[in-house]
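# Analysis of the macromolecular model
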Amino acid sequence: MKKIAFQGRRGAYSESAAYHLFGNDIEVVPMDTFEQIFQGIETGVVDGGAIPIENSTAGSIYDNYDLLYKWRHPIVAEVKLQIEHTLCALPGTKLEDLTEVLSHPQGLAQCSRFFGQHPNIKSTAFYDTAGSAEEIAKRGDKHIGAIASAYAAKFYGLDILKQGLENLPGVNFTRFYAIQKTAIELPDFKANETVKPPIKTTLLLMLSDSSKSGALYEALGCFAKRKLNLTRIESRPHPDRPWEYIFHLSFEGNPKDPNVVEALKELQQYTDFIYRLGSFREGTTEKLSY
Ligand SMILES: O=C(O)C(=O)C[C@]1(C(=O)O)C=C[C@@H](O)C=C1
């Protein structure tokens, strides 16, 4: 059985992502930090990992962008999960009893409106959503609540005080990647065949002359002129070259497509570093399930 790591405690959203990405026949391995997932894959302690990369309202999970650059483990799959947060607390607690609510910073950001409406409740960052549910179950304090999944609330024996706590109920999604030690074999490219969902490719790149005006525009022209659809671009500071940036760029395209091969060849003229981090099927949108 494959061992798949995720950051957090049992019941974290990333655990649900692990099942969607690798199937139900896996052993999930909770880890304290994202870096431990990458390390575990490197040393073979686990076979793969499920990592969040961005939320549709709160934005990028920068730690994972930086770890993808550092460790270069290939991305092999993607899923977009609809995240539904609950406010949970010890059995018998009422909303009026709460003075503090713990959760992962992303969970707090995605539920910021709740704190705006309840200025007397303090929000406290904790290292993951399910871990915050576990923590309040351990502390046994009726003044503290947690923001976590309904599954986590049940798992740690808590009551659900409110459901759909996210700022935009029904439209709060987090995109997750599956990473492992080796890349997957891609389907062959056939001209005039529409593959659904399409193959996406993610690259890391650095521009060779970023001080030149239009440098990024020219580099991206390689995709535009071949009608290759860019789906995401994120820039992150280089870890040891001040004011230089690493671009994480995703586009719809199979590297076996000659059009993609040409685009990447042309891109080399404008970059002094390109690395293909992965090519995989674009993720579908799914509901939480454990
Ligand atoms: O804390 C969790 O449950 C996680 O899986 C982490 C995480 C994240 O880092 O974005 C995953 C999905 C939600 O967006 C909130 C938190």
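Model, not experiment: these values are computed from the prediction. (Residues numbered from 1 in each chain as written. Predicted model: local features only at pLDDT ≥ 70, side-chain atom pairs only at ≥ 80, totals over all residues. Heavy atoms only, no water.)

Turning next to the UniProt feature "domain: Prephenate dehydratase" (unreviewed entry) in the protein. Following the UniProt record, the feature "domain: Prephenate dehydratase" (unreviewed entry) maps to residues 3–181 here. The straight-line gap between the two end C-alpha atoms of residues 3–181 is 13 Å; of that span, 33% is helix and 33% is strand. (UniProt positions renumbered as here; feature names shortened; annotations may be inferred. Helix = DSSP H or I, 4+ residues; strand = E, 2+ residues; numbered from the N terminus.)

So, on to the pairing of strand β14 (residues 245–252). Of all 8 residues in β14, 6 are buried, a share of seventy percent or more. Of the strand pairs in this sheet, strand β12 (residues 199–207) and β14 are connected by 6 bridges, and their pairing is antiparallel. Looking across to β14, one finds that Thr201 is bridged to Phe251. Sheet analysis places strand β13 (residues 230–237) next to β14, joined by 7 bridges and oriented antiparallel. Residue pairing in the sheet places Ser235 in a bridge with Phe247 of β14. (Buried < 20%, exposed > 50% of the residue type's maximum accessible area, 1.4 Å probe, protein only. Pairing = 2+ DSSP bridges.)

Any two side chains of opposite charge can pair, so long as their charged atoms come close to each other. Per the stated rule, a full pass over the model turns up 18 salt bridges. One salt bridge connects Arg175 with Glu54, and the closest N-O pair in it is separated by 2.9 Å. Note that Arg175 is positioned in strand β11 (residues 173–180) and Glu54 in strand β3 (residues 48–55), a separation of 121 residues in sequence. Its relative accessible area of 7% is what places Arg175 among the buried residues. Look at Glu54 and you get buried, because its relative accessible area is 18%. For Lys256, the salt bridge identified is with Asp188, shortest N-O distance 3.1 Å. (Salt bridge = Lys/Arg side-chain N within 4 Å of Asp/Glu carboxyl O.)

This part is about helix α1 (residues 13–22). Here α1 lies mainly inside the structure; 9 of its 10 residues are buried. When α1 is considered as a whole, its buried residues turn out to be Tyr13, Ser14, Glu15, Ser16, Ala17, Ala18, Tyr19, Leu21 and Phe22. The first or second residue beyond α1 is Gly23, which carries a positive phi of 90°.

Annotation of the protein at the domain level lists domain 1 (2–82 + 173–182), domain 2 (86–163) and domain 3 (199–281). Look at where the C-alpha atoms of domain 1 and domain 2 centre, and you get two points 24 Å apart. Roughly 1100 Å² of surface becomes buried between domain 1 and domain 2 when both sides are summed, with 50% attributable to carbon and sulfur atoms. On the domain 1 side of the contact with domain 2, Arg9, Arg10 and Tyr13 bury the most area, a combined 45% of that side's loss. Applying the counting criterion to the domain 1 and domain 2 interface returns 1 salt bridge. (Domains from an automatic or database assignment. Buried area = accessible area lost by both parts, 1.4 Å probe.)

Okay, the nonpolar core next. Grouped together as the largest cluster of nonpolar side chains are 32 residues, with contacts concentrated most on Ala17, Leu21, Ile26, Cys88, Ala133, Leu158 and Phe176. Looking at this core, the elements with two or more residues in it are β1 (2–7), α1, β2 (26–31), β5 (75–82), α6 (129–139), β9 (144–148), α7 (150–155) and β11. When residues in this core are grouped by element, the largest group, 6 residues, is from α1. Lining this core are residues from two domains, each supplying at least three of them: domain 1 (2–82 + 173–182) and domain 2 (86–163). The residues contacting Ala133, other than those within four sequence positions of it, are Cys88, Ala146, Ala148, Ala152, Tyr156 and Leu158. (Core = buried A, V, L, I, M, F, W, Y, C linked by side-chain atoms within 4.5 Å. Contact = heavy atoms within 4.5 Å.)

What follows deals with the sheet that holds β9. The sheet built from 5 strands is open, its strands ordered β8-β7-β9-β6-β10 with mixed pairing. Since the sheet does not close on itself, it has two edges, and those belong to β8 (122–125) and β10 (159–163), each with one partner. Strand-to-strand twist across the sheet, computed as the mean angle between neighbouring axes with direction ignored, equals 30°. Sheet topology note: the strand β6 (residues 86–89)/β10 ladder contains 4 bridges and is antiparallel. Note that in β10 the partner of Leu87 across the bridge is Lys162. Across the face of the sheet, α6 comes into contact with β6, β7 (100–103) and β9 while running at roughly 155° to β9. (Axes fitted to C-alpha atoms, helices over the stretch in contact; angles between N-to-C directions.)

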